[in-house]
Amino acid sequence: QQQVKQSPQSLIVQKGGISIINCAYENTAFDYFPWYQQFPGKGPALLIAIRPDVSEKKEGRFTISFNKSAKQFSLHIMDSQPGDSATYFCAASMNSGYSTLTFGKGTMLLVSP
Amino acid sequence: DGGITQSPKYLFRKEGQNVTLSCEQNLNHDAMYWYRQDPGQGLRLIYYSQIVNDFQKGDIAEGYSVSREKKESFPLTVTSAQKNPTAFYLCASTWGTGGSNQPQHFGDGTRLSIL
């Protein structure tokens, strides 16, 4: 059972545009939602993360929007640049005891020059 | 610089052969993880370890084995029982032994292929 559904699978955005990637989760016990960025041949790296006590978190051009009632969260990349071209993964975990991250299947983003 | 080192970067396995992937970290992290990445499948957890001499199965542990004899090292063995081992394998670590809300730091992976 996939607990974190990510869409779209791939995305092409023009330079300067806004990239939007969406994730939905099922487990209401999840309370930590990170996004990871992965370049080809490299391991993922933490980009930004949010907890459900806030509806939005912004770091530079990257913003997470969180909708607890809808069990959805999204990553917005403003002023997208060719260097942002990578695969993005959303993830979720619980803060009870020890739990592991559940990842979405990833979105391959291509920012055209 | 602190980080996670995975070796080798590329590995080839013959039919019926066991192979071991290395993962070493100098971040002084307590917890370590192994993931398998297939195209379009995201990251799937194979095994994880919170402390030395202890580890737990993840979602897809069949055909794999691990050991955690040292805090810094968490090698993964892909056994001959794993019928579809071709994938990109990622090792990660996290500070702390309890609570999951810590960033996972990843190595740059090992790509395993079947000859």
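Here is a short report on the structure shown in this document. Remember, predicted model here, so these are calculated numbers, not experimental data.

Calculation notes
- Residues numbered from 1 in each chain as written.
- Chains lettered and ligands numbered in written order.
- Predicted model: local features only at pLDDT ≥ 70, side-chain atom pairs only at ≥ 80, totals over all residues.
- Heavy atoms only, no water.
- Helix = DSSP H or I, 4+ residues; strand = E, 2+ residues; numbered from the N terminus.
- Rg over C-alpha atoms; globule rule 2.2 N^0.38 Å.
- Buried < 20%, exposed > 50% of the residue type's maximum accessible area, 1.4 Å probe, protein only.
- Contact = heavy atoms within 4.5 Å.
- Buried area = accessible area lost by both parts, 1.4 Å probe.
- Salt bridge = Lys/Arg side-chain N within 4 Å of Asp/Glu carboxyl O.
- Polar contact = N/O pair within 3.5 Å; in protein donor to acceptor, adjacent residues only side chain to side chain.
- Nonpolar A, V, L, I, M, F, W, Y, C, P; charged D, E, K, R; others polar.
- Phe/Tyr/Trp six-rings, centres within 6.5 Å; stacked < 30°, edge-to-face > 60°.
- Pairing = 2+ DSSP bridges.
- Axes fitted to C-alpha atoms, helices over the stretch in contact; angles between N-to-C directions.

All right, on to the overall build of chain B then. When you go through chain B residue by residue, the secondary structure sums to 0 helices and 11 strands. Sequence-ordered secondary structure for chain B, helices as α and strands as β, is β-β-β-β-β-β-β-β-β-β-β. Against the compact-globule benchmark of 13 Å for 115 residues, chain B has a radius of gyration of 13 Å, which places it among compact chains. Along the first, second and third principal axes, the C-alpha atoms of chain B reach 40 × 30 × 30 Å. Counting over 115 residues, chain B shows a buried share of 50%. A separation threshold of at least 6 residues defines the contact pool for chain B, and within that pool the share at least 24 residues apart is 53%.

Turning our eyes to something else, we now look at the overall build of chain A. Check the secondary structure of chain A and you find 0 helices and 11 strands. Counting from the amino terminus, helix and strand elements in chain A follow one another as β-β-β-β-β-β-β-β-β-β-β. The C-alpha atoms of chain A give 14 Å as radius of gyration, which agrees with the globular expectation for 113 residues (13 Å, within 12%). The burial tally for chain A puts 44% of its 113 residues in the buried class.

Every contact between the two is made by 23 residues of chain A and, on the other side, 25 residues of chain B. The junction of chain A with chain B conceals about 1,900 Å² of combined surface from both sides, 51% of it contributed by carbon and sulfur atoms. Asp108(B) is the partner of Lys42(A) in a salt bridge, and the nearest nitrogen-oxygen pair spans 3.5 Å. Put simply, chain A and chain B have 6 residue pairs in polar contact (both at pLDDT 80 or more) between them. When its residues are assigned to classes, the side of chain A that touches chain B shows 9 nonpolar, 10 polar and 4 charged.

Further remarks concern the environment of Ser74(A). Residues and elements named next belong to chain A. Along the chain, the position of Ser 74 falls in strand S8 (residues 72-77). The spatial distance from the C-alpha of Ser 74 to the C-alpha of Leu 101 is 17 Å, given a sequence separation of 27 residues. Setting aside chain neighbours within four positions, we find Ser 74 in contact with Ile 21, Asn 22, Trp 35, Thr 63, Ile 64 and Ser 65.

Right, let's get into the packing of aromatic side chains. All names here are of chain B. Going through the model one piece at a time under the given rule, you end up with 18 aromatic pairs over all chains. The interplanar angle of 40 degrees and the centroid separation of 5.7 Å between the aromatic rings of Tyr 35 and Phe 106 together place this pair among those described as tilted. You can see Tyr 35 sitting in strand S4 (residues 31-38) and its partner Phe 106 sitting in strand S10 (residues 105-106), a full 71 residues away along the chain. Judged by relative accessible area, which is 0%, Tyr 35 ranks as buried. For Phe 106, a relative accessible area of 12% corresponds to the buried category.

Turning our attention to the sheet that holds strand S7 (residues 64-66) of chain B. Residues and elements named next belong to chain B. If you trace the 4 strands from one edge of the open sheet to the other, you get S1-S3-S8-S7, paired in antiparallel fashion. Taken across any chain shown, the strands that pair with only one partner, and hence form the sheet edges, are strand S1 (4-7) and S7. Between one strand and the next, the sheet's axes are offset by a mean angle of 20 degrees, whatever the strand orientation. Bridge analysis of S7 against strand S8 (residues 76-78) gives 3 bridges, and the strand direction is antiparallel. Bridging across to S8, Tyr 64 finds its partner in Val 78.

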